[in-house]
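Reading the structure
The primary structure of each chain is shown beneath.
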Amino acid sequence: MKALLQETTDGPEAVCVSEVDTPTPKSGEVRVAIKAASMNHREMWISRGLYPGMNLPTTMGCDGAGVVDMLGDGVSDVTVGDEVVIYPGMDWGSNRHAPTPEFGLLGMPHAGTIAEYICVPTENLAPKPEFMSWEEAAATVLTGLTAWRALMFKGQLQPSDTLLISGVGGGVATFGLAFAAALGARVYVTGESDEVLARAKEMGALDGLLFTDPDWRKQVGKMTGGIDVVLDGAPAPSYANYVRAINPGARIVIYGSTAGDKFEITATGIFLKSASIVGSQVGDPQDFRDMLDFVNKHKIKPVIEKSFPLDAAKDALLYLENEHSFGKVVVTV
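Along each chain, the written sequence defines residue order, and numbers are assigned to residues from 1. Where totals are concerned, whole chains, interfaces and linings use all residues; where local detail is concerned, this predicted model gives features only for residues with pLDDT of at least 70, and gives and counts side-chain atom pairs only at 80 or more. To obtain the side-chain values, all non-hydrogen atoms of the structure were included, while hydrogens and water were left out.

1. A look at the nonpolar core
- By size, the foremost hydrophobic cluster in this structure holds 65 residues, and its most contacted members are Val32, Leu125, Leu163, Ile165, Phe179 and Phe288.
- Once you skip the residues sitting within four places of it in the chain, Phe288 turns out to touch Val85, Ile86, Tyr87, Ala126, Val141 and Leu145.
- Grouping buried Ala, Val, Leu, Ile, Met, Phe, Trp, Tyr and Cys residues that are joined through side-chain atoms within 4.5 Å yields what is termed a nonpolar core. Relative accessible area decides the class of each residue, using a 1.4 Å probe on protein chains only: under 20% of the type maximum gives buried, over 50% gives exposed, and in between gives partly exposed. Ranked by size, the runner-up nonpolar core spans 18 residues in total, among them Ile227, Val243, Ile252 and Ala275. Throughout, a residue-residue contact means that at least one pair of heavy atoms, one from each residue, lies within 4.5 Å.

2. Some thoughts on the pattern of salt bridges
- Any carboxyl oxygen of Asp or Glu that lies within 4 Å of a side-chain nitrogen of Lys or Arg is treated as forming a salt bridge with it. The full count for this structure, using the stated rule, is twelve salt bridges.
- Close ionic contact of Arg42 with Glu43 constitutes a salt bridge, the shortest N to O distance being 3.9 Å.
- Asp287 is paired through a salt bridge with Arg96; the nearest N and O atoms lie 2.7 Å apart. One end of the pair, Asp287, is in helix H8 (residues 285-298); the other, Arg96, is in the loop between strand E7 (89-90) and strand E8 (104-106), and 191 residues separate them in sequence.
- Each of Arg96, Arg149, Asp284 and Asp287 takes part in a single network of salt bridges with overlapping partners. Only runs of H or I of at least four residues qualify as helices and only runs of E of at least two qualify as strands under DSSP, and these elements are numbered from the N terminus.

3. Concerning the pairing of strand E16 (residues 246-254)
- Looking at chain direction, strand E15 (residues 227-232) and E16 are connected through five bridges and run parallel. Bridge pairing in E16 links Leu231 to Val253.
- With helix H6 (residues 235-242) bridging E15 and its parallel neighbour E16, the resulting β-α-β unit is right-handed.
- With four bridges joining them, E16 and strand E17 (residues 276-279) adopt parallel strand pairing. Bridging across to E17, Val253 finds its partner in Val278. Strand pairing is assigned whenever DSSP identifies at least 2 bridges connecting the two strands. Here the term right-handed applies to a crossover when the path leading from its first strand over the helix to its second strand runs clockwise, the strands being oriented away from the viewer.

4. Let's talk about helix H9 (residues 313-322)
- Buried within H9 are the following residues: Ala313, Ala316, Leu317, Tyr319 and Leu320. What you see down the axis of H9 is that its buried residues fit within an arc of 160°, all on one side.
- Against strand E1 (2-6), strand E2 (16-19), strand E3 (29-39), helix H1 (41-47), strand E18 (304-309) and strand E19 (328-332) lie the buried residues of H9. As used here, the arc is the angular range of directions from the helix axis to the C-beta atoms.

5. Some thoughts on the side chain of Lys154
- Among the secondary structure elements, Lys154 is positioned in helix H2 (residues 134-154).
- We count Lys and Arg on the positive side and Asp and Glu on the negative side, and we leave His and both chain ends out. Of the buried charged residues, Lys154 lacks a salt bridge, with Asp287 as the closest side chain of opposite charge at 8.5 Å.
- In terms of polar contacts, Lys154 uses its side chain to reach the backbone carbonyl oxygen of His97, at 3.2 Å.
- Those residues in contact with Lys154 that sit more than four places away from it in its chain are His97, Arg149, Val253, Val278, Gly279 and Ser280. Each polar contact in these results corresponds to two N or O atoms within 3.5 Å; when the atoms are within protein, one needs to be able to donate a hydrogen and the other to accept it, and residues that are neighboring in sequence are counted only if both atoms are side-chain atoms.

What follows is the structure, given as structure tokens:
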């Protein structure tokens, strides 16, 4: 079968679409014929070896949707022809607050979804939302799950809350905006351009600030009237700009370190407001089910920025790195 293969850690330029062995499902597994997958910034970091437990060569990608086409031994609750989306993790465990040390994602360390076929355990499957295209379903998986857990489980977002999304435009932030708007929360954003801010307002944001403006810290408190929850995937340059605008009891949820790994925290700014800084990663199977239920109820679709065929999957990764601005980059099979 064809798959986007990573064999080195020399960056996105070194990955390629190659012929690899077509997998066969083991006991308790099914094989899914992938119809669409999507790209995440995660693939960029992995292509450079910036990921723990690198396991090469590997098929890239953790987002996928497709049709069940083969059943392993002992599988009785899934039928050939079922249209599914795939939970992207393995071995989360029973603790809802954090995964086991064995937890891993498709695409690294496990074989990924940017391929014609993938085999996964039956518990990794959920019905594809009927109102979505294949591309939309695939683009919902990792970023939708990550945004859902960060906001709803870790951030405990309520309809009465004011939310600041730092760095809107990426997949997680864009889904966070859609979820919060559907919930009824007051949403404000920061973004890299006026165009991005305008797109966010079209999706339900009340207002926004350019994070390229060195004075945005002086404006965020006036704009929001005080922040209850922050969704932040790049706290290194942003935390100091919004922390003075948080309300008592605020929850700052950090789900990434895109712009650097270290930032300074002033203890009094947190404990005097009884605020929390909470880490969040991906989501467990219950988060996945809850997220899909919410998506189905509110008919929420991801923003698709651009789509590429599987043969051009390398180009999709390069586009994500060099040209992406708002929404998801998708690979169709």
